[in-house]
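Chains, contacts and geometry: an overview
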Amino acid sequence: MATAFKPKVYMKDNCPFCFKFMLFLTEAGLLDQFEIITAHSDNETEMGSYRAFLKEKTGRQASFPTVETDPGHYMAESDDLIHFYAGQHGIDLSRLTALPYYLQGPFKAQIDLFRENRTLKEKLAA
């Protein structure tokens, strides 16, 4: 008897985009339907291995999260993944509470800090 395919989620620890997708899966009650594979950013060998694997499979620079949605088919970008699985499972994103809270608060603040840091680095380099 063939085993049903379980999508594989390639995550990077400490990644706000990965957390966003993980929060969606958890709040939507879908987490148990996925195999979670976490790459540890403090391990250069491991990260290099995952990046090379995902580049080979997707044909582009690795990004996290990336999901093997079907055997041999990969999709990246947290927003695209959230909309894909919400649509596939009939989940109304407007009815979720934790995900919007994260997006409006901690996620937004982290992205704002990232942009500010990038701008300051560019000014220092000039």
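All chains use their own residue numbering, which begins from 1 and follows the written sequence. pLDDT decides what is reported in this predicted model: residues at 70 or higher carry local features, side-chain atom pairs at 80 or more are listed and counted, and totals for whole chains, interfaces and linings draw on all residues regardless. Hydrogen atoms and water are omitted, and side-chain values are computed over all heavy atoms in the structure.

**Thoughts on the overall build of the protein chain**
Using the following cut-off: The secondary structure listing takes helices from DSSP runs of H or I that are at least 4 residues long and strands from runs of E that are at least 2 residues long, numbered from the N terminus. Think of it in three bands: with a 1.4 Å probe and only protein chains considered, a residue is buried below 20% of the maximum accessible area for its type, exposed above 50%, and partly exposed in between. Residue contacts are counted whenever heavy atoms from the two residues lie within 4.5 Å of one another. Reported accessibility uses the Shrake-Rupley method at a 1.4 Å probe radius. Residues are deemed covered only where the shown protein chains occlude them. Under the counting rule used here, the positive set is Lys and Arg, the negative set is Asp and Glu, and His together with the chain ends is not counted. To locate a charge, the coordinates of NZ of Lys, CZ of Arg, CG of Asp or CD of Glu are taken.
A tally of regular secondary structure across the protein chain gives four helices and four strands. Listing every helix and strand of the protein chain by position from the N terminus yields β-α-β-α-β-β-α-α. For the protein chain, the C-alpha atoms occupy an extent of roughly 60 × 35 × 20 Å along the three principal directions. Taking all 126 residues of the protein chain together, 33% fall into the buried category. Expressed as a percentage of contacts within the protein chain between residues at least 6 apart in sequence, the contacts between residues at least 24 apart total 61%. By element, 53% of the accessible surface of the protein chain is carried by carbon and sulfur atoms, the whole surface being about 8,300 Å². Across the protein chain, the 14 positively charged side chains and the 17 negatively charged ones have centroids separated by 5 Å.

**Some details on the environment of Thr3**
For Thr3, the position within the fold is in the segment before β1 (8–12). Judged by its relative accessible area of 77%, Thr3 falls in the exposed class. Along the sequence, Thr3 and Phe64 sit 61 residues apart, while their C-alpha atoms lie 26 Å from each other.

**A short note on the packing of aromatic side chains**
Within a pair of aromatic rings, the relevant descriptors are the distance that separates the centres and the angle that separates the planes. This is how the line gets drawn: Only Phe, Tyr and Trp rings are paired, with Trp represented by its six-membered ring, and only when their centres lie within 6.5 Å; those with planes under 30 degrees apart are stacked, over 60 edge-to-face, the remainder tilted.
Tallied over the entire structure, the rule returns eleven aromatic pairs. With centroids separated by 6.4 Å and ring planes inclined at 85 degrees, the aromatic side chains of Phe21 and Phe34 adopt a geometry described as edge-to-face. On the criterion of sequence distance, the pair formed by Phe21 in helix α1 (residues 16–27) and Phe34 in the loop between α1 and β2 (35–39) is long-range, its members being 13 residues apart. This pair shows no difference in class: Phe21 is buried, exactly as Phe34 is. Ring centres 4.8 Å apart and planes at 80 degrees place the aromatic pair Phe84 and Tyr85 in the edge-to-face group. Residue classification places Phe84 among the partly exposed positions, given a relative accessible area of 30%. A relative accessible area of 2% means that Tyr85 is categorised as buried. Through a chain of ring-to-ring contacts, three or more aromatic side chains come together here, namely Phe21, Phe24, Phe34, Phe84 and Tyr85.

**Considering the pairing of β2**
This is how the line gets drawn: For two strands to count as paired, DSSP must find a minimum of two bridges between them. Seen with the strands pointing away from the viewer, any crossover whose path from the first strand over the helix to the second strand runs clockwise is right-handed.
Across five bridges, β1 lies against β2 in parallel orientation. By the bridge assignment, Val9 is partnered in β2 with Ile36. Remark: the β1/α1/β2 crossover connection has right-handed handedness.

These results come straight from atomic positions and should not be treated as a statement about function.
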